[in-house]
Amino acid sequence: MGKNFDIKDTSLADYGRRRIDWAEAEMPVLRQIRERFASQRPLKGVRLSACLHVTAETANLMRTLAAGGADVVLCASNPLSTQDDVAASLVVHDEIPVYAIKGEDHETYYKHITAALDHNPQITMDDGADLVTGVLKQRPDLIPAMLGSTEETTTGVIRLKAMAADGVLKFPVIAVNDSDTKHLFDNRYGTGQSTLDGILRATNVLLAGKTFVVGGYGYCSRGIAERARGLGANVIVTEVDPIRALEAAMDGYRVMPMREAVKVADFVVTATGNKNVLDAEDFAVMKDGCIVANSGHFNVEINIPDLEAMAVEKRQPRAFVDQYILKDGRRINLLGEGRLINLASAEGHPSAVMDMSFANQALASEYLLTHRGKLPNGVHALPKEVDREIASLKLASMGITIDTLTPEQAKYLASWEEGT
């Protein structure tokens, strides 16, 4: 192959290819973009480094970018989210360098990020802003050649806006997460289903009749709460924002502070993008046997050092379950080491929803190239017409048609003179 990589086992490649092809069948929008990219080659010669969850869906995005002419390198955005067979297939069948091994340690994780930056990218594609952070902190020499970056997650966008506010973001970034065809669908339907999938695979515990606490009420948390309620759980929402808390109450959920909610919780899932949403004071009053998981990007949402310090014993009754025994005998069960549970113990979002998210990523990279030198440094949204194009392609793939405005209606909406 003549390309560098660091993966678990190349012999897994054929199985990985079958899984990638299976996912592609549910990704018709990205498939159409790939066909156009292969014909037009809009990314020809562009060096692109991506730091994303290495899944079958991500593989189809990488193949789309490569079809468009990009020179692509991929590393993992989470130590537990890599699907080793997919990584092998990309290396063996597509000759795309991949630096990702499921379960890699902290040192290896950052070594892989360094390898992606050593590709000297002109565009970075992030899921949590680790590549952008690496460019700004370790590789400022890359900045002059940077066309920009794209960001997949709420957490990453928060970090990027903080960078922009501090005046350190030296190139434009497209906040893919802020596109309606991303956060309204991926965050809500994707996170909702895949989070519950991860919890059930890790525990095989019945949710019906249980008390299920969701930290936060953003789009990800809304999806989790909705799916948990659909499985018969009694859902409580915790929030710091009064408007979101009011919305959760109007949606029919109980709303209370986390410190009170954990006293009755059978499950607690965080998805806020913040740190220490659960800490020592919460663990001190948590019910015996409570199952704790995180669906936010970073594992800092759960104060694991606090939990480690409080425990007198730690054991693993099941894969992806760390059980902490406290001094009074209470057991707290942490899933997936506090990392993204939908990828730690399951397969992440369904392909059909990632179809739209990765369509946004592909078109965002093209947008950065066509707008080279025109976008100021900072965080930008993709134009609404791109959102509508993706939504239209998705509807067509589902066999759904919708109405269009008549000329008279379009004129009415564009004018102010006609009233009652």
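Cut-offs used in this document
Residues numbered from 1 in each chain as written. Predicted model: local features only at pLDDT ≥ 70, side-chain atom pairs only at ≥ 80, totals over all residues. Heavy atoms only, no water. Pairing = 2+ DSSP bridges. Helix = DSSP H or I, 4+ residues; strand = E, 2+ residues; numbered from the N terminus. Contact = heavy atoms within 4.5 Å. Axes fitted to C-alpha atoms, helices over the stretch in contact; angles between N-to-C directions. Buried < 20%, exposed > 50% of the residue type's maximum accessible area, 1.4 Å probe, protein only.

Engineer: Looking at this structure, how should I read the sheet that holds strand E6 (residues 172-175)?
Structural biologist: Within a sheet, neighbouring strands are paired by backbone hydrogen bonds and run either parallel or antiparallel to one another. Spatially, the seven strands line up as an open sheet ordered E3-E2-E1-E4-E5-E6-E15, and their pairing is parallel. Looking at which strands have only one partner, the edges of the open sheet turn out to be strand E3 (98-99) and strand E15 (378-380). Where strand E5 (residues 148-151) lies against E6, three bridges are found, and the strand directions are parallel. Its bridge partner lying in E6, Ser-149 is registered against Val-173. Here helix H15 (residues 351-370) sits on the sheet and contacts strand E1 (47-52), strand E4 (123-126), E5 and E6; the angle it forms with E5, its principal contact strand, is near 160°.

Engineer: Got a minute to help me understand the environment of Glu-337 in this structure?
Structural biologist: As for its position among the elements, Glu-337 is in the loop between strand E14 (331-335) and helix H14 (341-344). A relative accessible area of 42% places Glu-337 in the partly exposed class. Remark: the alpha-carbon pair of Glu-337 and Val-292, spanning 45 residues in sequence, is separated by 9.9 Å.

Engineer: I tried to follow helix H4 (residues 84-94) on my own but got confused; where do I start?
Structural biologist: Each full turn of the α-helix corresponds to 3.6 residues, which orients residues three or four apart in the same direction. Among the eleven residues of H4, eight are classified as buried, and the element is accordingly described as predominantly covered. Residues Asp-84, Asp-85, Val-86, Ala-87, Ala-88, Ser-89, Leu-90 and Val-91 constitute the buried set of H4. Looking at the packing, one finds that the buried side of H4 touches helix H1 (13-24), helix H3 (56-67), strand E2 (71-76) and E3. Glu-95 lies just past H4 and shows a positive phi near 55°.

Engineer: How do you make sense of the pairing of strand E11 (residues 290-294) when you look at a structure like this?
Structural biologist: Strand residues, when the strand is regular, have side chains that alternate between the two faces of the sheet. Counting buried residues in E11 gives five out of five residues, a clear majority hidden from the surface. Burial along E11 is two-sided: Cys-290, Val-292 and Asn-294 facing one way and Ile-291 and Ala-293 facing the other are all buried. Pairing analysis gives four bridges linking strand E10 (residues 267-270) to E11, with the strands arranged parallel. Bridging from a neighbouring strand, Val-268 pairs with Val-292 of E11. In the sheet, E11 pairs with E14 via three bridges, with the strands oriented parallel. Within the sheet, the bridge partner assigned to Val-292 lies in E14 and is Leu-334.

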